[in-house]
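# Examination of the molecular architecture
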Amino acid sequence: RNHPPTTSNTIPMRAIICLFAWIAHTSSFVIRSTALHACRITQPSPDDAADMGMREWPQQVQSGTWQESCADGDVLTRYVLDGTGTLRVDGEAAQTVAPGTLVEVTDAAQLVWEASSDEMILLTPSFEEGGKLIFVALGLLVLSVALIVGTS
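Since the model is a prediction, treat every value here as computed from it, not as a measurement.

### Considerations on the packing of aromatic side chains
Within this structure, the stated rule accounts for one aromatic pair. Aromatic side chains tryptophan 66 and tryptophan 113 sit 5.7 Å apart centroid to centroid with 5 degrees between the ring planes, which places their arrangement in the stacked category. Of this pair, tryptophan 66 sits in strand S3 (residues 65-70) while tryptophan 113 sits in strand S8 (residues 109-115), and the two are 47 residues apart along the sequence. Among the residues examined, tryptophan 113 registers a relative accessible area of 0% and is labelled buried.

### Concerning the sheet that holds strand S6 (residues 95-97)
Spatial strand order, S3-S8-S5-S6: four strands in an open sheet with antiparallel pairing. At either margin of the open sheet sits one strand with a lone partner, and together these are S3 and S6. In this sheet, neighbouring strand axes are inclined to one another by 25 degrees on average, regardless of whether the strands run parallel or antiparallel.

### A word on the confidence of the model for the protein
Note that predicted coordinates carrying low pLDDT should not be read in detail. With 68% of its residues at a pLDDT of 70 or more, the protein shows a mean pLDDT of 77. For the protein, per-element mean pLDDT is lowest for helix H1 (residues 7-36), which scores 42, and highest for strand S9 (residues 120-123), which scores 96. Within the model, pLDDT remains below 50 along residues 18-37, and this stretch shows one contact once partners closer than five positions in the same chain are excluded.

### Some words on the side chain of threonine 124
Mapped onto the elements of the fold, threonine 124 is located in the loop between S9 and helix H3 (130-151). Residue threonine 124 is classed as buried on the basis of its relative accessible area of 4%. Discounting chain neighbours no more than four positions away, the residues touching threonine 124 are Trp57, Pro58, Gln60, Thr77 and Arg78.

What counts and what doesn't
- Residues numbered from 1 in each chain as written.
- Predicted model: local features only at pLDDT ≥ 70, side-chain atom pairs only at ≥ 80, totals over all residues.
- Heavy atoms only, no water.
- Phe/Tyr/Trp six-rings, centres within 6.5 Å; stacked < 30°, edge-to-face > 60°.
- Helix = DSSP H or I, 4+ residues; strand = E, 2+ residues; numbered from the N terminus.
- Buried < 20%, exposed > 50% of the residue type's maximum accessible area, 1.4 Å probe, protein only.
- Pairing = 2+ DSSP bridges.
- Axes fitted to C-alpha atoms, helices over the stretch in contact; angles between N-to-C directions.
- pLDDT = per-residue confidence, 0-100.
- Contact = heavy atoms within 4.5 Å.

Here it is as structure tokens:
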């Protein structure tokens, strides 16, 4: 026996549709929230910084405004050694950074730095830009060849 839908039958259907809409809205919120948490800004103690090997990290001197990006699956780490400024990650509210600030990005993100002091000195755990490393390696190779040829 087929009966036309009644109000009692349509209310649960509306509730299910509302539930799916809420889940879809909540899921997109969680994804955005997770992306925001892909950047951690902390203030490690000097002992913790030394334990991470920061004394050996190369320096970058920056001034004004500059941008960096971190690709999905990469890790970008910066430690503010000197200077003050702000950092925006993916267009979110600016975070103040000062000496002793550690920034760790573990997901795809766009970073915009702005130095409020004359310059900022940042430490990085390695040469993260492969182009610079290749340029340095080629320069050393050319210098080595020139020295070998010059002493022959």
